[in-house]
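Next come the chains, spelled out residue by residue.
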Amino acid sequence: MKKYSKEERAMWLEDWKGSTKSACAYAKENGLNQQTFINWTKARNETKHHFVEVRAPSSVVVKQSMGILQMVIEKGDVKIYIPLEINPHQLRAVIEGLGAPL
């Protein structure tokens, strides 16, 4: 079994974070041991806690549109639609895309 340095693990985790794949799918696709990779993701989640300041929107509602249950956040004339079954990595990408560092 190959040993990975902290830098290598960080590189794999950072690359995975930018993908939309599950940890298992990513590990398999990249020739990594799936359980080892899952352990890396868990260790990372346990040691890093991030907070993002979110100013109160005008309204937050949950509604169904075209068969998809979604949360709608409205602030002024801006509306953000977020499917409730969104992949956490995709949601992270959306938040980062809005300029909030995670």
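Whatever comes next refers back to the structure up there.
Just so you know, these numbers come straight off a predicted model, no measurement behind them.

Each value, and the rule that gives it
- Residues numbered from 1 in each chain as written.
- Predicted model: local features only at pLDDT ≥ 70, side-chain atom pairs only at ≥ 80, totals over all residues.
- Heavy atoms only, no water.
- Helix = DSSP H or I, 4+ residues; strand = E, 2+ residues; numbered from the N terminus.
- Buried < 20%, exposed > 50% of the residue type's maximum accessible area, 1.4 Å probe, protein only.
- Contact = heavy atoms within 4.5 Å.
- Areas by Shrake-Rupley, 256 points an atom, 1.4 Å probe, with all protein chains shown as cover.
- Patch = residues over 30% accessible without salt bridge, like charges linked within 9 Å, V, L, I, M, F, W, Y side chains within 5 Å.
- Salt bridge = Lys/Arg side-chain N within 4 Å of Asp/Glu carboxyl O.
- Core = buried A, V, L, I, M, F, W, Y, C linked by side-chain atoms within 4.5 Å.
- Pairing = 2+ DSSP bridges.

Undergrad: I tried to follow the overall build of the protein chain on my own but got confused; where do I start?
TA: Along the protein chain, the regular secondary structure elements total four helices and three strands. The secondary structure elements of the protein chain, listed N-terminal to C-terminal, are α-α-α-β-β-β-α. Burial statistics for the protein chain: of 102 residues in total, 21% are counted as buried. The long-range fraction of contacts in the protein chain, counting pairs at least 24 apart against all pairs at least 6 apart in sequence, stands at 27%. Total accessible area computed for the protein chain in this model is approximately 7700 Å², and 56% of it derives from carbon and sulfur atoms.

Undergrad: Just to check I follow, could you spell out a nonpolar patch on the surface for this structure?
TA: Where nonpolar side chains cluster on the molecular surface, the patch consists of V62, L69 and L84 and spans about 250 Å² of accessible area. Tracing the backbone through its elements, the reader meets L84 in the loop between β3 (78-83) and α4 (88-97).

Undergrad: Just checking my understanding: could you explain the nonpolar core for this structure?
TA: Nonpolar side chains in soluble globular proteins generally cluster together in the buried interior. Among the nonpolar cores identified, the biggest contains 10 residues, and these are W12, L13, W16, A23, Y26, A27, L32, F37, I38 and W40. Of all the secondary-structure elements, those providing two or more residues to this core are α1 (6-17), α2 (23-29) and α3 (34-47).

Undergrad: Would you take a moment to explain the side chain of T41 for this structure?
TA: For T41, the position within the fold is in helix α3. Among residues more than four places away in sequence, those in contact with T41 are L13, W16 and A23.

Undergrad: Is there a simple way to think about the pattern of salt bridges in this case?
TA: In a structure, side chains of opposite charge can pair up when their charged atoms sit close to one another. One pass over the structure, following the stated rule, counts three salt bridges. Note that E14 and K17 form a salt bridge whose closest N and O atoms lie 2.7 Å from each other. Pair noted here: E14 and K17 are both in helix α1, with a separation of three residues, about one helical turn. Residue classification places K17 among the buried positions, given a relative accessible area of 15%.

Undergrad: What is the right way to read the pairing of strand β2 (residues 68-75) from this model?
TA: Along a regular strand, successive side chains alternate from one face of the sheet to the other. With six bridges joining them, β2 and β3 adopt antiparallel strand pairing. Within the sheet, the bridge partner assigned to E74 lies in β3 and is K79. What sits between the antiparallel neighbours β2 and β3 is a turn of two residues, in which G76 has the positive phi angle 65°.

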